[in-house]
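# Chain and residue survey
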Amino acid sequence: MLGILNLTPDSFSDGGRYQGVEEVLEEGLRMRHEGADLLDVGGESSRPGARTVDVDEEWNRIGAAVSTLSAAGLPVSVDTTKSEVASRALDAGAVAVNDISGLRFDPAIADICSRTGAGLVLMHMRGNPRTMQQDTTYEDLTGEISRALERSAALAIERGVSSDQIVVDPGIGFGKSVEGSLEIIAHGGRFCSGRYPVLLGPSRKSFIGKLLDLRVDERLEGTIAACVAGLFAGARLFRVHDVLPVRRALDLAWAVHEAGR
């Protein structure tokens, strides 16, 4: 499980929440205690319509946090599409890179992960955060996403990344309709024919709000339901804001899953 630590002023759910590195460390320690396997630190919002930031601005937002969390022995992934930010984060102690562009924006991220042995999450997104919701129609959603993720994974492997470093994320809400997001959850681990572990990120997403008519801060139950449904469908990693309740639900769901084998 990835616990979300957004250090942006404009993220859709928790932008501007932390006032300093001490608060970030406190939150990271709490998330780790509650069951997060990785702390996913991001310095650039990927909400629909979000503006881009340059390397230095992004690093200024996250650099101290990555260093402090890593020095405290906490496992950190960096949520970035920029190879320079990824390189600085891995040098500061991060152990994985979460690239929402699937190497489309900056393929050199693969070179850095190859050199360091870092984990690499490759996500599917149409266009970029400013344009991704302009076209959410697919003739074959699962097939199209799988083929795009296969291309991303092939590029990573071509540049020296081992297949066991790779995780794929079909990108709930990133160029997807409500129906498309539900289809992704229902297909769970079947993306890329199960060659790579599948990560789902349904946490507090707009499809939950639209289906249940809920504000962002009311979407916990929907997040839990989406994660449990995804688990039974074969997904094995989840990126969430509310670590403890989701972890408890997934642990029980996994026990049920194993009892039925």
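As the structure is a prediction and not an experimental result, all values here were calculated from the model.

Bringing the overall build of the chain into the picture now. A tally of regular secondary structure across the chain gives nine helices and eight strands. Since a compact globule built from 261 residues should have a radius of gyration of about 18 Å, the 17 Å found for the chain is in line with a globular shape. With respect to the principal axes defined by its C-alpha atoms, the chain has extents near 40 × 40 × 40 Å. Per-residue burial for the chain yields a buried fraction of 54% across its 261 residues. Within the chain, residue pairs in contact and separated by at least 24 positions form 65% of the contacts whose partners lie at least 6 positions apart. Summed over all atoms, the accessible surface of the chain reaches about 11200 Å², with 50% contributed by carbon and sulfur. Between the averaged position of the 28 positive side-chain charges in the chain and that of its 37 negative side-chain charges there is a distance of 2 Å.

The next thing to look at is the packing of helix α3 (residues 83–91) against helix α4 (residues 108–116). How two helices sit against one another is set out by the angle between their axes and by the gap between those axes. Running from amino to carboxyl end, α3 crosses α4 at an angle of 20°, the nearest separation of the two axes being 8 Å. When the axes of α3 and α4 are compared, the pair comes out roughly parallel. In terms of crossing hand, the pair formed by α3 and α4 is right-handed. On the side of α3, the interface is formed by S83, A86, S87 and L90, while α4 contributes A108, I109, I112, R115 and T116. The class makeup of the residues in the contact of α3 with α4 is five nonpolar, three polar and one charged.

A few words now on helix α5 (residues 141–158). Helix length check: α5, at 18 residues, gives a terminal C-alpha distance of 26 Å against a target of 26 Å (1.5 Å per residue), a fit within 8%. Taken together, the buried positions of α5 are occupied by L141, T142, G143, I145, S146, A148, L149, S152, A153 and A156. Residues of α5 that are buried in the fold lie against α4, β5 (119–123), β6 (166–169) and α6 (178–187). In the segment just after α5, G160 is the residue with positive phi, at about 105°.

Moving on, we come to the packing of α5 against α6. Interaxial distance between α5 and α6 falls to 10 Å at its minimum, and their mutual angle equals 70°. Of the possible angle classes, the one that applies to α5 and α6 is roughly perpendicular. Seen from α5, the contacting residues are L141, T142 and I145; seen from α6, they are G180, E183, I184 and H187.

For the rest of this paragraph, the subject is the environment of G230. Following the sequence through the fold, G230 ends up in helix α8 (residues 220–232). Between the C-alpha atoms of G230 and I185, which are 45 residues apart in sequence, the distance is 4.9 Å. In contact with G230, not counting residues within four places along its chain, are I185, G188, L200, A235 and F238.

At C192, a residue that is not glycine, the phi angle is positive and equals roughly 55°. Residues other than glycine seldom take positive phi values, yet R204 does so here, at roughly 60°.

Moving on to a nonpolar patch on the surface. A contiguous nonpolar patch, built from L182, L211 and L212 and spanning about 270 Å² of accessible area, is present on the exposed surface. Considering the arrangement of structural elements, one finds L211 in helix α7 (residues 206–212). What makes L211 partly exposed here is its relative accessible area of 47%.

Parameters at a glance
- Residues numbered from 1 in each chain as written.
- Predicted model: local features only at pLDDT ≥ 70, side-chain atom pairs only at ≥ 80, totals over all residues.
- Heavy atoms only, no water.
- Helix = DSSP H or I, 4+ residues; strand = E, 2+ residues; numbered from the N terminus.
- Rg over C-alpha atoms; globule rule 2.2 N^0.38 Å.
- Buried < 20%, exposed > 50% of the residue type's maximum accessible area, 1.4 Å probe, protein only.
- Contact = heavy atoms within 4.5 Å.
- Areas by Shrake-Rupley, 256 points an atom, 1.4 Å probe, with all protein chains shown as cover.
- Lys, Arg positive; Asp, Glu negative; His and termini not counted.
- Charge placed at Lys NZ, Arg CZ, Asp CG, Glu CD.
- Axes fitted to C-alpha atoms, helices over the stretch in contact; angles between N-to-C directions.
- Parallel < 35°, antiparallel > 145°, perpendicular 65-115°, else oblique.
- Left-handed = near helix turned anticlockwise from the far one by under 90°.
- Nonpolar A, V, L, I, M, F, W, Y, C, P; charged D, E, K, R; others polar.
- Expected span 1.5 Å × (residues − 1).
- Patch = residues over 30% accessible without salt bridge, like charges linked within 9 Å, V, L, I, M, F, W, Y side chains within 5 Å.
- Salt bridge = Lys/Arg side-chain N within 4 Å of Asp/Glu carboxyl O.

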